[in-house]
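Survey of secondary and tertiary structure
The residues making up each chain are set out below.
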Amino acid sequence: MNLYRAYSHHFPSPETILLTTDSGDTFSYADLDRCAARAASFLQALGLKPGDRVSVQVEKSPLNLFLFLGVVRGGFVYHPLNTAYTDAELAFFLQDAAPSVMICDSGRLMALTELCETAAVPHLYTLDGDGSGTLVEALDRCSPHFDTIASAPHDLAALVYSSGTTGRPK
C-alpha cells in the first residue's frame, strides 16, 4: 500500500477545502490530487525510479505539502532538509542520501548548484514560499493524472535523519 493511497482513502469529496493560507488562497482536495499527480509525473519523466530520493530544502507551504504527497505517490523517497542547515551539513546529507533531485529556495540556488555538482545530484529545481520557482514552471506542463505506484510495506516514503547532537546525523 502506497502512503499516498492510504491518505487518499480518507479524503472527503474533491471540492472540500483542504486548507486556506494566511493570504486567503484556498486549496481543495482536488487541487491536492492534481498537484501531487503533476509532481509524481514530473519526477517519473525525469527518469526517477521508485525508491529514488528527492531532497527538499524549502520553507513550509501548500506546494511543499503537495510535493511531499507527489513524491510518495510516485514511490519515491521524500528527504526533507532543515532550512537552517549550513553548506557543510548539506554537503554531508547530499553525499549520504544520494538524491536524484534537489529542490531548494531560489535564494539558495548558487550555493546548492555547487553542492549538487560535488555530490553528483543530477537535477536541481527551485520552489519558493510564494509558489514560484523552476519546479512550479515544470509542474505546470505535467499531467494532472497519475496512477499511484504500488509500494511494499518495507519501502521508504521519507528519509529523516536524527539531529546529530552527539555525532553525525544518522
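Look above for the structure.
Residues numbered from 1 in each chain as written. Predicted model: local features only at pLDDT ≥ 70, side-chain atom pairs only at ≥ 80, totals over all residues. Heavy atoms only, no water.

1. A word on the packing of aromatic side chains
For the structure shown, the criterion picks out 9 aromatic pairs. Considering the side-chain rings of tyrosine 4 and phenylalanine 11, the 6.1 Å spacing of their centres and the 85 degrees angle between planes classify their relative orientation as edge-to-face. For the ring pair phenylalanine 11 and tyrosine 29, a centre distance of 5.1 Å and an interplane angle of 50 degrees mean the geometry is tilted. Linking phenylalanine 11 in the loop between α1 (3–8) and β1 (17–20) with tyrosine 29 in helix α2 (residues 29–45), this pair joins segments that are 18 residues apart in sequence. Phenylalanine 11 sits in the partly exposed class, given a relative accessible area of 23%. (Phe/Tyr/Trp six-rings, centres within 6.5 Å; stacked < 30°, edge-to-face > 60°. Helix = DSSP H or I, 4+ residues; strand = E, 2+ residues; numbered from the N terminus. Buried < 20%, exposed > 50% of the residue type's maximum accessible area, 1.4 Å probe, protein only.)

2. Here we look at the packing of helix α4 (residues 87–97) against helix α5 (residues 109–119)
Contact geometry for α4 and α5: axes closest at 9 Å, N-to-C directions at 35 degrees. In the crossing of α4 with α5, the sense of the turn from one axis to the other is right-handed. Residues Asp87, Leu90, Ala91, Leu94 and Gln95 of α4 form the contact with α5, whose own contacting residues are Ala111, Leu112, Leu115, Cys116, Thr118 and Ala119. The class makeup of the residues in the contact of α4 with α5 is 8 nonpolar, 2 polar and 1 charged. (Axes fitted to C-alpha atoms, helices over the stretch in contact; angles between N-to-C directions. Left-handed = near helix turned anticlockwise from the far one by under 90°. Contact = heavy atoms within 4.5 Å. Nonpolar A, V, L, I, M, F, W, Y, C, P; charged D, E, K, R; others polar.)

3. Description of α5
By the burial criterion, the buried members of α5 are Leu112, Leu115, Cys116 and Ala119. In a view along the axis of α5, the buried residues occupy a sector of 100 degrees, so they form one face of it. Of the exposed residues in α5, the ones pointing more than 90 degrees away from its buried face are Met110, Glu114, Glu117 and Thr118. Phi turns positive one or two residues past the end of α5, at alanine 120, with a value near 60 degrees. (Arc of directions from axis to C-beta.)

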